[in-house]
Amino acid sequence: MVSALLFVDDAVETAVEPAGSRGFILRDGSAELRRLFVHALARFGDATLLYVPRDRQRAFVGVSPTIGERDLLVTPLRADGQTLGAIAMLVDGEPPSEIADELVAYAGLAARLLATQRDLAAARRQSRDSQLLGIVNERLHKSLDRRDVLVGIVDGVRAAFGADRCAVYNRSPDGEHATLAALAGTLDAQMPTALPLDADLRRVFGGLTVRRDAFDGGVIYGTSARSAVALPFVVDGRIDDVLVLAFDRPRAFDDADVAALRSLSFHVGLALSNARLYERERGRRAQAESLERVVRILRDTQYVDEVLLVFVVTVSHELPVDCAAYVLENELLVRRALRSSEPRGFEPAVSVDRASLEPFLVVDEPSDAAMLPRSSRDMLYDGRSGVIVPIRLEGALWGAFVVRWADGALDWQAEERATFFRTLGSHLEIALANARAYERELRRAQERETLAEAARTILAYTDIGGLAAVMSRLAATLVHAERACVMRWNGERYASAGAFGSEPERLVAQSGFDLEHRAERMPGLAGEDRRVQRIIDGPGYIVIPLGGPTGGDAIDAFLLVGTETHERFGRDDLRIMQELGALLALALRNLELYEGMERANRALKESNSFKDDLLAMLAHDFKGPLTVILGYCELLLEMHDGDADEIATIYSQTKRLVRLSDDALVLAQTQSEGFSLARATVNLAAFVAECVDAIAPNNPRVLVDAAADIPPVELDAVRFRHVIDNLVTNALKYSTDEVQVRVRRDGDVARIEVTDRGIGIPEGEIATLFTRFGRASNARELGIAGSGIGLYVARKIVEVHGGRITVVSHEGEGSTFVVTLPLAAP
């Protein structure tokens, strides 16, 4: 009987001839037993043919179960210094030398054939391994997408190993299932796309290579097969994918196959790692681009609601997510904007209690939905994954935005996801802060315009009732209230001075305002604290003090504003009410001052009227007796032939009194509301010459120069005669030289000039010369008599005629008085 033992990798393959006979065999095919057998052969030296009688077979005890039955003839199969196997025969005695030589020659030939076959197998394996690595590199060069890499290698691996099916399974997020990621070969009807992790698959996902060389039917790794091997793909220290090779026939996997598969696993792991790095980088670029688009769009928004709406729409468009924005109102997070990727899909709760989310709102990091309480998670996410990100403005919680994955989960690392949404939240906070600042400035601009309009409106009212009604309506409109009123102290109690809305009594009762007792400021206030009025606010009402009498502590007026909702007014509402209250307090104070001024003006007007009437009466009553005295003086002067200086003095002083009474009478008439003119068209040159001749008849000191081409003017001859009389008389009185009177046309006006070379007027006193009782100081010093009302009356008369009177004078050189009058219409 002949046995052939071949050493293949770590196993021993045995063949016996004749088949079925009991030849020399090893107890098992383990690598350890093979080493013991080779060691036993070495004890007999390096002989090419070894004859071992049955009584010397103790060296093989424990190696073979057939020792000691017959003699043993062993020929080792050696090639290139390695023992490839042995040919063992059970004989009855030592063979002849010629048979031994033939047996040795045959063993040498067999060894060389085995070595050649092994080299060819190794070359084929190396070619297969190179082909597999080439497939991996080719797929990696064609695409860095993970799915493309897996789909591209399964067909090549299946062909290289001659497998019926090659599949790649991916571990599911729950860690309890494996899903089919790629498949090549004949499709097994029983092969599921997802299968639970059994003991073998758990070992593979744990990092081991598991092989089943001969499986007696059934399902292995989710497929019907007789043999299969599964090995993991390690990527960045994690195992998320495994490769399964399935054979519909029994297939032994030697160490070379396993080594090739492990090498393949290593290179595929590198390829998947590169693909993951590429996907991460691509994801980061996509995140950066999405973030940039969100920020760019937010930069163009101005209002808070617009920012929230644009934000959720843009985020939902850029990512496969649903997005909702919530704003904190009292103790509730109220939804203000929503964008769902699914039409008519799940809508998160309209409002959420802040207390249920408090632990996740006090941190500045995005919180995973899985960490939320179940009730809040169901209301916001409906069983899906996502994050919630708090929004803080000015250091306080303002709201939050909720992101819900639309399909599965975002394939991002947890750190990348947290960084992205944290950055997204920071940009949203910046946009909201800018929008709030813009709205605040816009609201303040509108408030300033409203207050300016209110200030202009105040000027149109001279009664407190109308002003109070308008300001009440304005106050209610500014803070969206239903009613407002102004309560004012009437000496006995506070009463409504004006109101807006119905039933102001309800507002008084709502605020608890005391109508019966006069309010006073707190004692001890001074300076700015005394001026500033404190607003009193409560649920649904505001009470604004409006001040009282100047210098007193009493508060005589209040502005009350109320709403039906009984909710407290906001800080901005209180601020604008403060400003409106200050404006209304000033308006009420101005009205009080206006009323006081009106009373004073009426009293002053009555006093002036009485004075003018008295002055006119005295002037009129004086003129009658003075005229009689003048008549008798003239009669006495005519009858007296001798020295009559005393009579002449009486006559001149009486004439002076007559002029004074005339001035007083004209002055009284100019102050009266009934002062009017009896205009007529006159020749100005002739009129002036006539007036001068009446004042100083045949007086050589007076020279009249009147142009002949002066158009006529319209004037009251009686009243204007007083102007010419005053100017010429003053010129004669304040000078001893000649007086020139000129009448000329100057463009569209007529010009009258009266020039003297008298004492002149000091430069600093010209401005007061035409005022009531205005006289030059040098005239008083020289003792020249005068009342100081003549030029004042002359100015009044000239101005009533539409003209002007001016003077050019130099002290000690003389003066020139100029009167201009408009020409009459042709």
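In this text, all values refer to a predicted model and were calculated from it rather than measured experimentally.

Undergrad: Give a description of the overall build of the protein that names residues and reports values.
TA: Assigned secondary structure in the protein consists of 18 helices and 33 strands. Expressed as a percentage of its 826 residues, the buried residues of the protein come to 42%. A total accessible area of about 43200 Å² is found for the protein, and carbon and sulfur atoms account for 53% of it.

Undergrad: Can you explain the sheet that holds strand β23 (residues 536-538)? Please cite residues and give values.
TA: Reading across from one edge, β21-β20-β26-β24-β23 is the order of the five strands in this open sheet, with antiparallel pairing throughout. Every other strand in the sheet has two partners, leaving β21 (494-500) and β23 as the edge strands with one partner each. Neighbouring strand axes in the sheet, compared pairwise and without regard to direction, differ in orientation by 15° on average. As defined by bridge partners, β23 adjoins strand β24 (residues 541-545) across three bridges and the pair is classed as antiparallel.

Undergrad: Can you lay out the packing of helix α9 (residues 414-458) against helix α10 (residues 464-478) for me, pointing to particular residues and giving the numbers?
TA: Packing of α9 against α10 brings their axes to within 11 Å, and their N-to-C directions diverge by 170°. When the interaxial angle is binned, α9 and α10 end up roughly antiparallel. Contacts between α9 and α10 involve Thr450, Ala454, Thr457 and Ile458 from the first element and Leu467, Val470, Met471, Leu474 and Leu478 from the second. Its residues assigned to classes, the contact of α9 with α10 comprises seven nonpolar, two polar and no charged.

Undergrad: Tell me about the sheet that holds strand β28 (residues 702-706), residues and numbers included.
TA: Strand order in the open sheet made by the five strands is β28-β30-β31-β33-β32, with mixed pairing throughout. Here the strands that pair on one side only, and so sit at the sheet edges, are β28 and β32 (804-810). Direction aside, the axes of adjacent strands within the sheet are offset by 15° on average. One ladder, built from five bridges, connects β28 with strand β30 (residues 739-746); its direction is parallel. From the neighbouring strand, Val704 faces β30, where its bridge partner is Val741. Along the sheet face, helix α15 (residues 684-695) touches β28, β30 and β31 (749-756) and points at about 165° away from the line of β30.

Undergrad: Got a sec to walk through the pairing of β31? Specific residues and values, please.
TA: Burial within β31 is extensive, with six of its eight residues counted as buried. Where β31 and strand β33 (residues 814-822) come together, eight bridges link them in antiparallel fashion. Residue pairing in the sheet places Thr755 in a bridge with Thr816 of β33.

Undergrad: Describe the packing of α15 against helix α16 (residues 717-733), listing the residues and the values that go with them.
TA: When two helices pack together, their arrangement is given by the angle between the helix axes and by the axis-to-axis distance. With their axes 10 Å apart at the nearest point, α15 and α16 run at an angle of 60° to one another. When the axis of α15 is compared with that of α16, the two are oblique. Of the two elements, α15 crosses α16, and the hand of that crossing is right-handed. Across from Phe687, Val688, Glu690, Cys691, Val692 and Ile695 in α15, the residues of α16 making contact are Ala717, Phe720, Arg721, Ile724, Asp725, Val728 and Thr729. Classifying every residue of the contact of α15 with α16 gives nine nonpolar, one polar and three charged.

Undergrad: Give a description of helix α3 (residues 146-161) that names residues and reports values.
TA: Between its terminal C-alpha atoms α3 stretches 23 Å, which fits the 22 Å expected from 16 residues at 1.5 Å a residue. Those residues of α3 that sit buried are Val149, Leu150, Gly152, Ile153, Val154, Gly156, Val157 and Phe161. Gly162 lies just past α3 and shows a positive phi near 65°.

Undergrad: Report on the nonpolar core, specifying residues and quantitative values.
TA: Leu684, Phe720 and Ile724 are the most contacted members of the largest nonpolar core, which totals 40 residues. Looking at this core, the elements with two or more residues in it are α15, β29 (713-715), α16, β30, β31, α18 (790-800), β32 and β33. The dominant element in this core, judged by the number of residues it contributes, is α16, at seven residues. Apart from the residues within four sequence positions on either side, Leu684 is in contact with Val713, Leu715, Val743, Ala750 and Ile752. Residues Leu291, Val307, Leu308 and Ala325 belong to the second largest nonpolar core, which totals 33 residues.

Undergrad: Quick rundown of the confidence of the model for the protein? Include the residues and the values.
TA: Averaged over every residue, the pLDDT of the protein is 79; the share at 70 or more is 86%. A low-confidence stretch, residues 525-532 (pLDDT under 50), is modelled with six contacts involving residues beyond four sequence positions or located in other chains.

Undergrad: Outline a nonpolar patch on the surface, supporting the account with residue identities and numerical values.
TA: Side chains of Val628, Tyr632, Leu635 and Met639 sit close together on the surface and give an oily, nonpolar patch of about 430 Å² of accessible area. Counting through the fold element by element, Tyr632 comes out in helix α13 (residues 571-639). Residue Tyr632 is classed as exposed on the basis of its relative accessible area of 53%.

Undergrad: Explain helix α8 (residues 374-381) to me, using residue names and the numbers behind them.
TA: Looking at α8, one finds that the buried residues are Ser376, Arg377, Leu380 and Tyr381. Taken around the axis of α8, the buried residues stretch over an arc of 100°, which confines them to a single face. For α8, the secondary structure elements touched by its buried residues are β14 (321-329), β16 (351-353), α7 (354-361), β18 (386-393) and β19 (396-405). Asp382, located one to two residues past α8, shows a positive phi value of around 55°.

Undergrad: Can you tell me about the pattern of salt bridges, naming the residues and giving the values?
TA: Once their charged atoms are close, side chains differing in charge can pair, the charge on each being opposite to the other. Counted by the stated rule, this structure contains 31 salt bridges. Residue Arg483 is joined to Glu564 by a salt bridge in which the shortest nitrogen-to-oxygen separation is 2.7 Å. With a gap of 81 residues between them, Arg483 in strand β20 (residues 483-489) and Glu564 in the loop between β26 (557-562) and α13 connect regions that are remote in the sequence. Given the relative accessible area of 5%, Arg483 is considered buried. In this structure Glu564 comes out as partly exposed when scored by relative accessible area, which is 34%. Glu516 is the partner of Arg493 in a salt bridge, and the nearest nitrogen-oxygen pair spans 3.1 Å. With Arg493 in the loop between β20 and β21 and Glu516 in the loop between α11 (504-511) and β22 (519-520), this pair connects stretches of sequence that are 23 residues apart. Residue classification places Arg493 among the partly exposed positions, given a relative accessible area of 31%.

Undergrad: Mind laying out the pairing of β30, listing which residues take part and the relevant values?
TA: Where β30 lies against β31, seven bridges are found, and the strand directions are antiparallel. Its bridge partner lying in β31, Arg742 is registered against Glu753. Taking the residues that link successive antiparallel strands as the turn, the β30-β31 hairpin has two residues, and the phi of Gly747 there is positive, at about 70°.

Undergrad: Break down the packing of aromatic side chains for me, with residues and values.
TA: In this structure the tally under the stated criterion is ten aromatic pairs. Judged by centre distance (6.4 Å) and plane angle (50°), the rings of Phe687 and Phe720 are tilted. Placement of the pair is Phe687 in helix α15 and Phe720 in helix α16, with a sequence separation of 33 residues. Judged by its relative accessible area of 6%, Phe687 is buried. Three or more aromatic residues joined by ring pairs make a cluster, and in this case those are Trp489, Tyr494, Phe513 and Phe558.

Definitions and limits used
Residues numbered from 1 in each chain as written. Predicted model: local features only at pLDDT ≥ 70, side-chain atom pairs only at ≥ 80, totals over all residues. Heavy atoms only, no water. Helix = DSSP H or I, 4+ residues; strand = E, 2+ residues; numbered from the N terminus. Buried < 20%, exposed > 50% of the residue type's maximum accessible area, 1.4 Å probe, protein only. Areas by Shrake-Rupley, 256 points an atom, 1.4 Å probe, with all protein chains shown as cover. Pairing = 2+ DSSP bridges. Axes fitted to C-alpha atoms, helices over the stretch in contact; angles between N-to-C directions. Parallel < 35°, antiparallel > 145°, perpendicular 65-115°, else oblique. Contact = heavy atoms within 4.5 Å. Nonpolar A, V, L, I, M, F, W, Y, C, P; charged D, E, K, R; others polar. Left-handed = near helix turned anticlockwise from the far one by under 90°. Expected span 1.5 Å × (residues − 1). Core = buried A, V, L, I, M, F, W, Y, C linked by side-chain atoms within 4.5 Å. pLDDT = per-residue confidence, 0-100. Patch = residues over 30% accessible without salt bridge, like charges linked within 9 Å, V, L, I, M, F, W, Y side chains within 5 Å. Salt bridge = Lys/Arg side-chain N within 4 Å of Asp/Glu carboxyl O. Arc of directions from axis to C-beta. Phe/Tyr/Trp six-rings, centres within 6.5 Å; stacked < 30°, edge-to-face > 60°.

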